[in-house]
Every structure is written in structure tokens, then in C-alpha cells.
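Descriptive structure summary
Read off the chains here:
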Amino acid sequence: MAVRVVVGTQWGDEGKGKYIDMLADQSDIIVRYSGGNNAGHTIVANGAKYALHLIPSGILHTDKTCIIGNGVVVDPAVLLKEMAGLNERGITTDHLLISDRAHLIMPYHIGLDELQENFRGNNSIGTTKRGIGPCYADKIERSGIRMCDLIDKDEFVKKVKANLELKNLIIERVYGGKPYKAESIIEEYSEYADKLRKYVTDTTSILAEAIDEGKNILFEGAQANFLDIDFGTYPFVTSSNPISGGVCTGSGLGPIYIDEVYGVLKAYTSRVGAGPFPTEQNNEVGDAIRELGWEYGTTTGRPRRCGWLDTVMIKYAAKINGLTALAINHVDTIGKLKEIKLCTGYKYNGQTIRYFPASLNELAKCEPVYETFEPWDEDITNIKSFDKLPENARKYLNRIEELVGVKIKFIGVGKDRENVIVR
């Protein structure tokens, strides 16, 4: 039995889907344990591109069980559309299961998300306005609606009506928005219930049985360490725990069962939306990285902010997540630049520090300390061995290992899932 976790070590978009899809070959069950459709995993398999937002990346493996865990917030309209899109391309979704404890994103969550962002004005967080935050807020405030409620019509009707009494007051009187009608929501979601009913089950019990049977389980997180609600660049974060600790609360699996945690990163850094970014290159270097790596959001299409790799961040993420190995992508991309820089620490108040500050004011005063590396502008996409990589690439990767204190197991040298060196 092997229980593996794949997490992001930066601000998301590291290319986790490639490794999840690859490791799914060795797994019996693939589980998504956090986030919602504000995340996106892009997989390139056999030349075909798949963009997934809610469904686990292992869905392409039709002989595996894929689970949407209780820690995920589910927009049923988005989920059904995603399922239909896969079906149209000849990929079945009959092997998908949804936790009966997962919370539902409701229309008023989406409406409130946009109203709240607009209200913040220049202080907006940069959410995707898909209702993720308001849904998690209701979960914590104990007024959420779960999948088990969706398939129990009487309970669903009761909860929708009760919630709208307060939500409509907030929408109208605080934000000046238009109220929602319970009848239209109930009618719309009743159709979703009919279509999703057969997928909804007690997934926690299924995972417990899988452990007893010695099955291999793979957990995939959405977003990444620095978007974590507790350990990210708060408040410019997501509303859940995408770190490895979120596996336990987002699926119901105990921590003693986790064997390996793989941290995915890019050979540079990127970020979508607002928030601090110490190594950002808001110049021709950042532009070059963006175009070479095609850094545009899977979910939003927004251009990503780009900069140098920050090993202070990665080392912090390694400790938070208990990383057993690293998986680094875009080694082919970064090698095409004229020169490459690597952040090894921060200058703060005249001293070099190697920790990631919680205070954004302190972080804003940190100046990255860089080491410079020579590029390797040659085609490495078909290389299958670390020893066959250009010398300059090996020097760069070895230095990352030294600074982070974790070995690199997977090296992405191209877009396709086959373009990976496994050490």
C-alpha cells in the first residue's frame, strides 16, 4: 500500500496535474481534497489538452476510482458541465464519486463574492468570483448546504429558504444587490440532484476500506502552500487548506496513513491576482518567462505575474507540508533565458534572513538575494536521465536541492506527461 500526496509549493499553477496524472497509473483511488472550481489543472496526454477544475486529474484513467472529498466546495452546474465535456471527448465519468459531506456553492455565494470584491475597491483580494469564499464562510458559520442535503429535497428546500432570509437582507441592504428567489434556486438545483444523486456517497468509509485492503491512494490538492488560508500570504489567499494537512480534514483519512508528499514547483515563480511577490520581474524578463512558459490562468485566462524561483518559499513549504521529494517543472523554459537568477535569501533591515515573514509589511521590505546561473538553450524535452541534462541545468537543480534540503525526484522537461525525468 502507498498513500501519496501532491501539493503545490508556490502560488498554484505549478503543473501538479502532470504528476497526478502520471502517479494515477500506480494508484487505485485518486482524491481531490480541497478548493473548488477556482482551481485548474491542465493535463497534456498523447497530444490532447484537458483543463479540469473540480474533477480529479486521475479521471483520464477509467479503471481508477476518483473522489471529490468533503473538503471540496462543489458548484453542481460547473461539475456537470465538466463531466459532459469529458463525455463528449469519449471519457467516461462513471468512476467518479462525490462526498456526501462536501458543501454546495449556491447562486447567492457567487453573487456575494462579486459584491464583496466590488465593495473592497482598490483593496480587492482578486478572487475568481466563483463563490468559493462565501461558501466556505457558510461552512464555518454552520449554515452551509451539503451534498447530502441536495439529494434530500425536503431538507434542501428548508435550508435554502432559511438561508435566503438572511442572505437577501445582506445582499440588498449592505451591498445594494438584487435578492434571490428560493423557488428558482430550488427548481434549478432539483435538476442537479437528479443528475448527481448516483455519484453521492460516504467517501470517507470508502477510503477507510481501501486502507484496510492495502490499496494505493493518491491525493491531489488545488492551489498551493502560499494560497493556504493559514500559511499563505494572507489575506491574498484561498479559503481552504491546500497544504498536505488538508488531506486529513478534507477526506477523513488519518495522518498516520500518509507515506509520501511530493511538492511541485516551477523552475521560476508565477502568481495570478493581487498580493506580494518578492522575486517578481515586472519587466522584459517577466514578459519573456510568461511567453516562453505560456503563463495564463487555466481557470481565468488571466496573464500570470512571473519572476525568479524563490527557495525561501520552497524551503518554508517543505517544512509545512513535510515534503519527501520535489517535482520541478519548466526546466526547459527557464533554460532559454539569457541568464538565470535564483533567490537564496532576503535582505531585511540590513541582515540576510532565510524565513518567510507572516507580516506583509515585513515581506514588502524584503529584498531578494540572488545567485546567477548560466542558461542551457537546447532541446531537452526527450531527455530521460538526470545525467544527460546539460551541465548548467544540473548545477541549477543541484543548488535548489542544497538550499531547500529536499531531493528532486521528478524533473519536467516539456509539456507532455511523458516529458518527465524520474530519479
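Summary of the structure given here. (Residues numbered from 1 in each chain as written. Predicted model: local features only at pLDDT ≥ 70, side-chain atom pairs only at ≥ 80, totals over all residues. Heavy atoms only, no water.)

Quick notes on the packing of aromatic side chains
Applying the stated criterion across every chain, the model contains 15 aromatic pairs. On the basis of an interplanar angle of 20° and a centroid distance of 5.8 Å, the ring pair of F156 and Y189 is categorised as stacked. Of this pair, F156 sits in helix α6 (residues 153-174) while Y189 sits in helix α7 (residues 182-196), and the two are 33 residues apart along the sequence. The burial state of F156 is the same as that of Y189; both residues are buried. Ring pairs connect the aromatic residues W11, F226, F277, Y316, Y346 and F356, which therefore count as one cluster. Over the ring of F386 we find R423; its NZ or CZ atom is 4.0 Å from the centre of that ring. (Phe/Tyr/Trp six-rings, centres within 6.5 Å; stacked < 30°, edge-to-face > 60°. Helix = DSSP H or I, 4+ residues; strand = E, 2+ residues; numbered from the N terminus. Buried < 20%, exposed > 50% of the residue type's maximum accessible area, 1.4 Å probe, protein only. Lys NZ or Arg CZ within 6 Å of the ring centre and 35° of its normal.)

Quick word on the pattern of salt bridges
The full count for this structure, using the stated rule, is 22 salt bridges. With its nearest N and O atoms 3.3 Å apart, the salt bridge here joins D149 to K159. With D149 in helix α5 (residues 147-150) and K159 in helix α6, this pair connects stretches of sequence that are 10 residues apart. The exposure class of K159 is partly exposed, given its relative accessible area of 25%. Linked through salt bridges whose partners overlap, the residues forming this network are D13, K266, E295 and R304. (Salt bridge = Lys/Arg side-chain N within 4 Å of Asp/Glu carboxyl O.)

The quantities given are spatial measurements derived from coordinates; they are silent on function.
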